[in-house]
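Summary of the model geometry
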Amino acid sequence: MQKFLSLTAVVTILGVSACDSANSNLERAIIGGAIGCAAGEVLADGRCVEGAAVGAGIGVLTN
C-alpha cells in the first residue's frame, strides 16, 4: 500500500506541475484524480476510487 501511495503522489505531483495558473485548484484536483485513478487501476488491481481520492487530495495540496 505504501508503494502505491508514494508512486501515486510522485505521478500526481509531476502531472499537476503543468497547471501553473493562480486559480487552478479544481484543475489540479481533476488531473490528480485522473492520474490517481489510472495508477489505482494499474498498480493496485482495480482501486480506482482510492487512487482518485489520494490523487485529488495531493493535487489540491501541491498548490
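Owing to the predicted nature of the structure, the values given are computational and were not obtained by experimental measurement. (Residues numbered from 1 in each chain as written. Predicted model: local features only at pLDDT ≥ 70, side-chain atom pairs only at ≥ 80, totals over all residues. Heavy atoms only, no water.)

**Observations concerning the overall build of the protein**
Put simply, the rule reads: Here a helix means four or more residues in a row that DSSP labels H or I, a strand means two or more in a row labelled E, and each is numbered from the N terminus. Here the Shrake-Rupley method, with its probe set to 1.4 Å, supplies the accessible areas, and only the displayed protein chains count as covering residues.
Of regular secondary structure, the protein possesses 3 helices and 0 strands. Written out in order from the N terminus, the α and β elements of the protein read α-α-α. Accessible area of the protein: about 3,800 Å², with a carbon and sulfur share of 65%.

**Some remarks on the packing of helix 2 (residues 25–43) against helix 3 (residues 48–61)**
Cut-off, in case you're wondering: Fitted lines through C-alpha atoms serve as axes, helices being fitted only where they are in contact, and the angles separating the N-to-C directions of these axes extend from 0 to 180 degrees. The hand of a helix crossing depends on one turn: near helix anticlockwise from the far one by less than a right angle means left-handed, and clockwise means right-handed. Contacts are assigned to residue pairs with any non-hydrogen atoms lying within 4.5 Å of each other. Note on residue classes: Ala, Val, Leu, Ile, Met, Phe, Trp, Tyr, Cys and Pro are nonpolar, Asp, Glu, Lys and Arg are charged, and everything else, Gly too, is polar.
One can describe the packing of helix 2 onto helix 3 by two numbers: an axis separation of 6 Å at closest approach and a directional angle of 145 degrees. Helix-helix and strand crossings are classified by hand; for helix 2 and helix 3 the assignment is right-handed. Between helix 2 and helix 3, the contacting residues are Asn25, Arg28, Ala29, Gly32, Gly33, Gly36, Cys37, Gly40 and Glu41 on the first element and Cys48, Gly51, Ala52, Gly55, Ala56, Gly59 and Val60 on the second. Class assignment of the residues belonging to the contact of helix 2 with helix 3 gives a composition of 6 nonpolar, 8 polar and 2 charged.

**Comments concerning helix 2**
Heads up, the rule is: Helix span, expected: 1.5 Å multiplied by one less than the number of residues in the helix. Exposure categories follow from relative accessible area, calculated using a 1.4 Å probe and restricted to protein chains: below 20% of the type maximum is buried, above 50% is exposed, and the middle band is partly exposed.
With 19 residues, helix 2 should reach 27 Å at 1.5 Å per residue; the first-to-last C-alpha distance of 26 Å fits that figure. When helix 2 is considered as a whole, its buried residues turn out to be Arg28, Ala29, Gly32, Gly33, Gly36, Cys37, Ala39 and Gly40.

So far we have only geometry, and geometry alone does not tell us how the molecule works.
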